[in-house]
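Inside the fold
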Amino acid sequence: MFAQSEAFVQTVTGATAPSSLGHTQCHEHIYLRKGPSFASNAALCMEDYGRSLAELKEYAACGGGTIVDAQPGGFGRDADILRRLSVESGVKIIAVTGFHKLLFLEENALISLDEDALAGRFFSEITEGMLSPGGERTEAKAGLVKAAFEPGGLEHPTYRRLFSAVAAAAGRSGAPVMIHTEKDTDMLALIRWFSAHHLPAERLLICHLDRTHYDPQYHLQVLATGCSLCYDSVHRLKYVSDAQELSLISQMCAAGYAGQIVLSLDTTNQRLRAYFATDMGLNYLLTDFRPMLEQAGIAPGHIHAMMQDNAERVLQIVR
C-alpha cells in the first residue's frame, strides 16, 4: 500500500502504486465506439467486447501489465466498459479525459463550454469519475488529460480554449498530459505555451512524433526540454518501417534519452489480432519487437526503462 500523499497512478479500477504497473504501453485503443472517428477511418472502431477482452487476455499472457486507452470522453470512450475489461482481463487500464481532434467529436456541446467549465469537466473526471456516453457519472476515474495538436492549433480560438482547460485541469489535479501530434505542428512552441501556463515539460507525454516528425535532430531538441516521447508507430508500416523505428530509438538512447521514451502501438482494429490484423496484436512489442531491440544492440536496462520504468514515472499523478 501507499500513502495518499505519495504519487500514484489512477487506473479505471482505482489508484495504484507506480511500481505495480509492470510492462506498460502508454498509447493504445482497446475499445472505441463507432462514431465520427469511424466515419473518418473505418479502422477506428473496436466495439466488440469479446474481441477486445480476448486481445487483453493474450497481452496479459505474454507479460503485459498495463495499457493506456487514449480515447477521451465525447470521442468514443466508454468508461464502464473499460473498467469491466480491466477487471475481467487482469490488465490495468488507464483512461484519459480531455479532447481529441475535433473531427472526431461526438458531443458538439463540449466545445460550446467556456474554459472554466471545460477545466471543471476534465478535473472532475480525474477526481470524481468519468462520464458515460449518456452523461452519467461512473466509478472509473481518468488518469491523464489528453490534448490534440493540429496545424494552427495555437492560433485557433477553440483549440486555445481547450488547451487552457487542459493546463488548468492538469495543474489542479496533478495528472500528466498526453499530446496527440499531427504533421506540420510546432511541438517546441506548444511546450513553451504549456510552460507559460504553469505546466512544465516534464509533465508532458508527446505521442506520434516518430511518424509525424521523423527527424532525429528535432527529437533531440524536443527531448532536451525534459518532456517524454511515446514512440507508438512500431510496425505501423505505412508510416515507418521497424528498421526506421529501431534506428530512431538507438539514436535517442545513444544520446542519453532512454529515460524519456516509452513504447506503444496506437492500436486500431487493423492492428489487433482479435479484430482484423493477421500479423500482430496488442502483444507485438513483447513477442516481436523486444527481440528486435535486443538484436539492434539496445542495452537491456534501456529496454526495461522504455517498457516499464519510464511509464511508472510518466503516468504518476502528483499532488
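In this report, the structure presented in the accompanying data block is examined. (Residues numbered from 1 in each chain as written. Predicted model: local features only at pLDDT ≥ 70, side-chain atom pairs only at ≥ 80, totals over all residues. Heavy atoms only, no water.)

We now examine the overall build of the chain. Broken down by element type, the chain carries eleven helices and ten strands. Each of the three principal axes of the chain carries a C-alpha extent, and together these read 50 × 45 × 45 Å. For the chain, the residues scored as buried account for 60% of the 319 residues in total. When the accessible surface of the chain is summed, it comes to about 11900 Å², and 50% of that surface belongs to carbon and sulfur atoms. Taking the average location of the 27 positive side-chain charges in the chain and that of its 36 negative ones, the two points are 2 Å from each other. (Helix = DSSP H or I, 4+ residues; strand = E, 2+ residues; numbered from the N terminus. Buried < 20%, exposed > 50% of the residue type's maximum accessible area, 1.4 Å probe, protein only. Areas by Shrake-Rupley, 256 points an atom, 1.4 Å probe, with all protein chains shown as cover. Lys, Arg positive; Asp, Glu negative; His and termini not counted. Charge placed at Lys NZ, Arg CZ, Asp CG, Glu CD.)

What follows is about the pattern of salt bridges. The tally for this structure, following the rule as stated, stands at eleven salt bridges. The shortest N-O distance in the salt bridge between Asp48 and Arg51 comes to 3.3 Å. For Asp48, a relative accessible area of 34% puts it in the partly exposed group. For Arg51, a relative accessible area of 35% translates into the label partly exposed. (Salt bridge = Lys/Arg side-chain N within 4 Å of Asp/Glu carboxyl O.)

Between two packed helices, the angle of one axis relative to the other and the distance separating the axes together describe the packing. Packing of helix 4 (residues 115–127) against helix 5 (residues 157–173) brings their axes to within 8 Å, and their N-to-C directions diverge by 40°. It follows that helix 4 is oblique to helix 5 by the angle criterion. Between helix 4 and helix 5 lies a crossing of right-handed hand. Residue-level inspection shows Glu115, Leu118, Ala119, Gly120, Phe122, Phe123 and Ile126 of helix 4 in contact with helix 5, the latter providing Arg161, Leu162, Ser164, Ala165, Val166, Ala168, Ala169, Arg172 and Ser173. Residue classes in the contact of helix 4 with helix 5 are distributed as ten nonpolar, three polar and three charged. (Axes fitted to C-alpha atoms, helices over the stretch in contact; angles between N-to-C directions. Parallel < 35°, antiparallel > 145°, perpendicular 65-115°, else oblique. Left-handed = near helix turned anticlockwise from the far one by under 90°. Contact = heavy atoms within 4.5 Å. Nonpolar A, V, L, I, M, F, W, Y, C, P; charged D, E, K, R; others polar.)

These figures come from the coordinates and say nothing about function on their own.
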